[in-house]
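Coordinates in review
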Number of protein chains: 2
Amino acid sequence: MKHYLQLKKLFERISHLHYIERILMWDEAVMMPEGAEQSRANAIATLNRSTQAILTSKKVKTLLEGAKQEEGLSAWDSMNLQKIEKIYRRATCIPLALTEKSTKSALTCEQAWRKLRPTNNWKKFLPYLEETFQCAKEKAERQADVFQLNPYDVLLDIYVPGFNQANIGPIFTQLKNALPALIQHITHKQMHEPIQIPQGPFAISQQKALGIAVMSALQFDFQRGRLDVSHHPFCSGSPMDVRITTRYREDEFITSLCGICHETGHALYEQGLPSQWIDQPVGQIDSMAMHESQSLLLEMQVCRSHAFIAFLVPLLEKEFGKQPAFTQENVFSLVTRVKPSFIRVDADEVTYPLHIILRYEIEKGLFSGDFKLIDLPTIWDEFMTKYLGLSTKNNDKDGVMQDVHWPSGAFGYFPAYTLGRLISAQLFATLNKANPMLDKNIKEGDFQPLIRWLKENVYCYAASLSTHDFLQKVTGHSLDTTYFINHVKQRYGIGNS
Amino acid sequence: MKHYLQLKKLFERISHLHYIERILMWDEAVMMPEGAEQSRANAIATLNRSTQAILTSKKVKTLLEGAKQEEGLSAWDSMNLQKIEKIYRRATCIPLALTEKSTKSALTCEQAWRKLRPTNNWKKFLPYLEETFQCAKEKAERQADVFQLNPYDVLLDIYVPGFNQANIGPIFTQLKNALPALIQHITHKQMHEPIQIPQGPFAISQQKALGIAVMSALQFDFQRGRLDVSHHPFCSGSPMDVRITTRYREDEFITSLCGICHETGHALYEQGLPSQWIDQPVGQIDSMAMHESQSLLLEMQVCRSHAFIAFLVPLLEKEFGKQPAFTQENVFSLVTRVKPSFIRVDADEVTYPLHIILRYEIEKGLFSGDFKLIDLPTIWDEFMTKYLGLSTKNNDKDGVMQDVHWPSGAFGYFPAYTLGRLISAQLFATLNKANPMLDKNIKEGDFQPLIRWLKENVYCYAASLSTHDFLQKVTGHSLDTTYFINHVKQRYGIGNS
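**Observations concerning the interface of chain B and chain A**
How large an interface is tends to be reported as the accessible area lost when its parts come together. The partner chain A presents 28 residues to the 28 residues of chain B that form the contact. Elements that contribute at least two residues to the side of chain B that touches chain A include exactly helix H1 (2-30), helix H2 (37-55) and strand E1 (225-229) of chain B. Among the elements that take part in the side of chain B that touches chain A, H1 of chain B stands out by supplying 8 residues, more than any other. Here the residues of the side of chain B that touches chain A sort into 13 nonpolar, 9 polar and 6 charged.

**Re the environment of Gly72 of chain A**
Residues and elements named next belong to chain A. Tracing the backbone shows Gly72 in the loop between helix H3 (58-69) and helix H4 (75-92). Taking the number of C-beta atoms within 10 Å as the measure of exposure, Gly72 has 7 and is therefore exposed. Sequence separation between Gly72 and Met25 is 47 residues, and the spatial gap between their C-alpha atoms is 39 Å.

**Thoughts on unusual backbone geometry**
For the bond from Gly200 of chain A to Pro201 of chain A, the omega torsion is 0°, close enough to zero to count as cis. Phi angles above zero are rare outside glycine, and Asn394 of chain A is one such case at about 55°. As for its placement among the helices and strands, Asn394 of chain A is situated in the loop between helix H15 (376-388) and helix H16 (415-434). With a phi close to 75°, Gln219 of chain B is a non-glycine residue in the positive phi region. Inspection of the secondary structure assignment puts Gln219 of chain B in the loop between helix H9 (204-217) and E1.

**Digging into the pairing of strand E3 (residues 241-246) of chain B**
All names here are of chain B. Taking burial as the measure, the 6 residues of E3 include 6 buried ones, the bulk of the element. Burial of the side chains of E3 extends over both faces: Asp241, Arg243 and Thr245 are buried on one face and Val242, Ile244 and Thr246 on the other. In the sheet, E1 pairs with E3 via 5 bridges, with the strands oriented parallel. Residue pairing across strands places Arg226 opposite Arg243, the latter belonging to E3. With 4 bridges joining them, strand E2 (residues 235-238) and E3 adopt antiparallel strand pairing.

**Quick look at the environment of His477 of chain B**
All names here are of chain B. Examined against the element boundaries, His477 turns out to sit in the loop between helix H19 (467-475) and helix H20 (482-491). According to the C-beta neighbour criterion, His477 is partly exposed, with 13 such atoms within 10 Å. Sequence separation between His477 and Gln426 is 51 residues, and the spatial gap between their C-alpha atoms is 8.8 Å. In this view, His477 contacts Leu471 and Gln472; residues no more than four positions away in its chain are not counted.

**Things to note about the relation of the copies chain B and chain A**
Once turned by 180° and shifted 0.0 Å along the axis, chain B lies on chain A with an RMSD of 0.0 Å. The transformation relating the two chain copies, once decomposed into turn and shift, fits a two-fold axis. Measuring from the rotation axis to each C-alpha of chain B, the shortest distance belongs to Ser50 of chain B, at 3.3 Å. The fraction of interface residues of chain B whose copies in chain A are also interface residues reaches 100%, indicating that both copies meet through the same surface.

**A look at the nonpolar core**
Counting 260 residues, the largest nonpolar core has Ile20 and Ala416 of chain A together with Ile20 and Ala416 of chain B as its most contacted members. Other than its neighbours up to four places away in sequence, Ile20 of chain A contacts Leu47 of chain A together with Ile20, Leu24, Ala43 and Leu47 of chain B.

**A closer look at the environment of Val214 of chain A**
Residue and element names in this part refer to chain A. Counting through the fold element by element, Val214 comes out in helix H9 (residues 204-217). The exposure class of Val214 is buried, given the 21 C-beta atoms found within 10 Å. In this structure the C-alpha to C-alpha distance between Val214 and Gly445, which are 231 residues apart in sequence, comes to 9.4 Å. The residues contacting Val214, other than those within four sequence positions of it, are Leu257, Ile260 and Cys261.

**Some remarks on helix H5 (residues 96-116) of chain A**
Residue and element names in this part refer to chain A. Taking 1.5 Å of rise per residue, the 21 residues of H5 would be expected to cover 30 Å, and the 30 Å separating its terminal C-alpha atoms lies within 8% of that figure. All of the buried residues in H5 are Thr99, Ser102, Thr103, Lys104, Ser105, Ala106, Leu107, Cys109, Glu110, Trp113 and Leu116. Summarising the contacts, the buried residues of H5 are in contact with helix H2 (37-55) and helix H6 (122-147).

**Digging into the confidence of the model for chain A**
Averaged over every residue, the pLDDT of chain A is 96; residues scoring 70 or more account for 100%. Scored as a complex, the prediction yields pTM 0.92 and ipTM 0.91.

**Observations regarding the sheet that holds strand E3 (residues 241-246) of chain A**
All names here are of chain A. Taken in spatial order, the 3 strands of this open sheet run E1-E3-E2, and their pairing is mixed. Edge positions in the open sheet fall to strand E1 (225-229) and strand E2 (235-238), since each of these has one partner strand only. Sheet twist, expressed as the mean angle between neighbouring strand axes with direction ignored, is 20°.

Rules used in this analysis
- Residues numbered from 1 in each chain as written.
- Chains lettered and ligands numbered in written order.
- Predicted model: local features only at pLDDT ≥ 70, side-chain atom pairs only at ≥ 80, totals over all residues.
- Contact = placed C-beta atoms within 7 Å.
- Helix = DSSP H or I, 4+ residues; strand = E, 2+ residues; numbered from the N terminus.
- Nonpolar A, V, L, I, M, F, W, Y, C, P; charged D, E, K, R; others polar.
- Buried ≥ 20, exposed ≤ 12 C-beta atoms within 10 Å, placed from the backbone.
- Pairing = 2+ DSSP bridges.
- Least-squares fit on C-alpha atoms with pLDDT ≥ 70 in both.
- Core = buried A, V, L, I, M, F, W, Y, C linked by C-beta atoms within 7 Å.
- Expected span 1.5 Å × (residues − 1).
- pLDDT = per-residue confidence, 0-100.
- Axes fitted to C-alpha atoms, helices over the stretch in contact; angles between N-to-C directions.

Here's what the structure looks like:
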């Protein structure tokens, strides 16, 4: 195993440099003064160049060839070696200069996006996005040649290994067929349900205290992580140093709190990964669908449930005082309101998949050449009108400019959210079957049984199983939209027709 | 200039990686959760390894040889090339494994120091320090062979290029001869001067507001920097992203405020460096004596002066309300109290050099082999008793364990403080001669003329001149202790005897 062990050592170094990159990303979003933008973009490009230099060295090639001949590898080691080879093949088809150009352009584009989105300035933003898209496309095409795949499938496989247009298409079609009727049914029903809006202001210091109380209850380990503020909530860092963020508004606290629950789901997954593997590819979650399944399991399945709200209401009263809106029923209504809206990150769980399907279809069109970037505002408006009955005409900040993904070069990421949501529903159904007391535990604020189950049935596998094998092993079934559809029907009180 | 230009490109990359390292150091001290210590140490070691790999590559050697034959280099470029060669020669004599070991051991030692100092646990700390010292010594010895120097002189030259035991010795002897009588005189005089202690608590949010007001007045550019809190004040980052820190206590505000003034001096120097050279060795301050001269010029010469205090008192009253202790005279007394004490960073400007001389003499002894680490508590106690009349017996946390420098591997750094202090006094005398209105400007809170002079006479040169040439050019004299001694006599009202 001489070659394999040396290979592991090299990939450990690559993992260190990735950790550094993620801390720098966090710093840029949370701490960095604005004047450092250009310096930071240059520095990250250089760092990536160093990472690429290790990854694409001839030594890796030789070691890979040697390691593949070696015997006695454990199942985890074999999977690790497979992942290493895939990473190596992906990287070697991208020239250093293109990697550097693409990193720099994505950083610059993201910085431009932060400034231009608030002023709704699509025209000024477009050239930045053009360059970032061209880089992403060129990289995808080079990889497509190597792996004999369609370029957009290459990107899907990066974020959700094992998934492609052929297996995502039917899943999304099922959702497109089922959701509109459900949305209509639910919005009609909710129209007649009274709802009371909590009265602010809600001091940021108290919202933060509330968030930390919830994170602590959910077993977030503050010895290995922090909570901060950024423009867009995210989770970064590494298992020993998990950085999550949220954003606060004084007039309402629910968005921020749900953001914290979501990111805590990501964070717990990271903190729960097997520590002996954290610096190897097999120990790191390469499927963003799996990662989102954990954030959405917490945010959507757990934290918006009646049981969780029973636990939450006393905390709300402790931080903000009593008020008529703080009944369990009303808070449940607040966090389960279904209403077609512009912004994906603020969307309810029922309309959310349509936001994703829209983005997926646009990305497909961009990569097939059917759509052009310059036409995106019009296309976006058309799709939004078709799926959600809302027009984004002259409102690009709430339309095509709303997400950080494309400006940062992450084309192909979006489907991970909805695939993750479907996985989370499927897992939660299994979890409830395994622990009939779960609802009671949550009500009482005892999250240990929940997190223990996740540790023993999800976190512990890291990336040692494909998503398909994982679902078969843990839930007994392959990915199935039925769990999510049933969850929606149950939560929103819709009988089977 | 083909070779030289390629060399510049490589050193630009090295500069990017150094910027990253400094942000990580800042993050570790200010933000990082404790559980990430080991991960962080590993990551920084890997980063340094990447930097070393670029620096010590054969390509640099080839380019250096080529560049030295090239003509048409400007004075700055020639100096840059000289510095590049020195850095290259220093680096190539250290094997990668030793660099990695030394970085890791210093980080681990510093982390141990943070925990063990508060509990006064020298015994548990000693093995960490042993390893860090051995690494530093081995590196110094390897460099000593290459440069044909004494190992301790190698280290001195790293932190204060152009200085060594032969020229530091006589300077320190002059101070050792002059200071004890001055200290005795001043402490005797001050014994009879009334002093009123400001009554706290001083809320940290208000101390921070005060610090930011002072930094703004001193022209700190918050677009390119931040102020935060750490265990030990420092300045890190890069000219476009300067991170300074202080620490607060609720019972008094002066230590923290003086820390901010000190670090602001470092920060202004960084922010004032010529922007086209910031990623090249000639554009970066390699002399810590020069860097300290700027922090001390602000802290000691400017911020503890009568003129500055006239500007400061209204700010104090704005933040903390009026109180009897807030008279100009009393605040001046507070910031100019001379009293032999244990802690270097809290020492007054008159006893301070003796703290440095003590450390310098101990370091000399450690590197000559006359002293052993295990005996440091006893030696420290002896020297403190001799120079300042204070015993540190059984009080290592306020003795040999008080500074971050040795735990972090920075042997040879200390003389930079006192050399910097001497330079600052010499520069300030020149500055006052050039601008007779300076005192009035400061009183009125108009720091523009002061900072402009520093920009035009100090910052603009970056590292393009040796300290000796710089002093000759700007002050007309080589380094001279007279300016500092005269300053002490003047500030503390001592006539020439």
